[in-house]
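The lines below spell out each chain.
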Amino acid sequence: MTETLDVVLETERLVLRRLVPDDLPALHALYRDPVARRFFPDGTRTLEQTREELEWFLQGHPRHPELGLWATVERATGTFLGRCGLLPWTIDGVAEVELAYLIDPRRWGEGLATEAARAIVRHAHAALELDRLICLIDPENVASLRVAEKVGMRFDRHHVDEHGPCAMYARSRLDPGGFAIVPGHPGASS
Ligand SMILES: CC(C)(COP(=O)(O)OP(=O)(O)OC[C@H]1O[C@@H](n2cnc3c(N)ncnc32)[C@H](O)[C@@H]1OP(=O)(O)O)[C@@H](O)C(=O)NCCC(=O)NCCS
């Protein structure tokens, strides 16, 4: 089924593709789950709130259509496992791109978020030629911190926004740690 949809990235176990309206029930099943949404400042989402977010991502960002959240689907079964991607923000007056990930709690600890995040990092640096990526993480979100570290992110600074304090992690295109990627470099393929 995924072959006919708009695939952004593929990994050994995952297909990351553009979200479609039919993803609403699966996305809402995750967004209404207090476990999956524990570290999101706005908490769980209703069906209507999920629909609004999904519609926003279906339209795409007006200035950054290459960014967004993508359905993260199990290649072998076609199961909707979560949504991961790249989000543009302006933070302290600076344009930043956040690496974002959310996986179905029933599948935590299988390395799926790390697998998706690695592919997204490569894509961001090599194909999209983004020099810097960030993660904004609640310091108590140990799993998210681990994923960030495993894809070469390092603590950048403390950040406070309207939702409260969080830790900003960051990595650059030429950072060491197995992810020094430049366009055309063999390591750039995912
Ligand atoms: C963060 C998240 C995406 C990780 O997904 P995942 O597929 O379980 O991650 P992985 O299996 O790749 O594991 C990555 C690391 O996190 C650790 N980890 C996974 N779940 C954990 C948990 N509940 N508590 C502590 N560590 C955990 C793993 O052990 C692994 O670390 P290790 O290699 O040192 O053992 C997932 O917990 C999630 O979707 N959380 C809700 C959404 C969220 O908070 N997103 C981040 C917002 S900043």
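Presented here is an overview of the structure given in this document. Given the structure is predicted, the values throughout are model-derived calculations rather than measurements. (Residues numbered from 1 in each chain as written. Predicted model: local features only at pLDDT ≥ 70, side-chain atom pairs only at ≥ 80, totals over all residues. Heavy atoms only, no water.)

1. A look at the side chain of H123
Phase 1: Of note, H123 is situated in helix α3 (residues 112-127).
Phase 2: Contact partners of H123, with chain neighbours within four places excluded, come to V8, L9, W70 and L128. (Helix = DSSP H or I, 4+ residues; strand = E, 2+ residues; numbered from the N terminus. Contact = heavy atoms within 4.5 Å.)

2. As for the environment of D92
Phase 1: As for its position among the elements, D92 is in the loop between β4 (80-91) and β5 (94-103).
Phase 2: For D92, a relative accessible area of 59% gives the class exposed.
Phase 3: Here the alpha-carbon distance between D92 and H125, two residues 33 residues apart in the chain, equals 22 Å.
Phase 4: Setting aside its immediate chain neighbours within four residues, D92 contacts R157 and H159. (Buried < 20%, exposed > 50% of the residue type's maximum accessible area, 1.4 Å probe, protein only.)

3. Examining the site of the ligand
Phase 1: Residues in contact with the ligand amount to 19 residues; listed here are only the nearest, G109, G111, T114, R146 and K150.
Phase 2: Within the side chain of W108, one N or O atom sits 3.4 Å away from an oxygen atom of the ligand.
Phase 3: Here an oxygen atom of the ligand sits 2.9 Å away from a polar atom, N or O, in the side chain of N141.
Phase 4: Within the complex, the protein chains bury 74% of what would otherwise be the 920 Å² of accessible surface of the ligand.
Phase 5: Mapped by element, the contributors of at least two residues to the shell around the ligand are β5, α3 and α4 (142-150). (Near = heavy atom within 4 Å. Polar contact = N/O pair within 3.5 Å; in protein donor to acceptor, adjacent residues only side chain to side chain. Areas by Shrake-Rupley, 256 points an atom, 1.4 Å probe, with all protein chains shown as cover.)

4. So, the pattern of salt bridges
Phase 1: Counted by the stated rule, this structure contains 18 salt bridges.
Phase 2: As a salt-bridge pair, R132 and D156 come within 3.4 Å of each other at their nearest N and O atoms. Here R132, found in strand β6 (residues 132-137), pairs with D156, found in strand β7 (residues 154-161); they are 24 residues apart in sequence, far enough to count as distant.
Phase 3: The exposure class of R132 is partly exposed, given its relative accessible area of 29%.
Phase 4: Among the salt bridges present, the one from D156 reaches R157, with a minimum N-O distance of 3.2 Å.
Phase 5: Residue classification places D156 among the partly exposed positions, given a relative accessible area of 33%.
Phase 6: A single salt-bridge network, built from bridges that share partners, covers D92, E96, R132, D156 and R157. (Salt bridge = Lys/Arg side-chain N within 4 Å of Asp/Glu carboxyl O.)

Interpretation note: all reported values are geometric properties and have no functional meaning in isolation.
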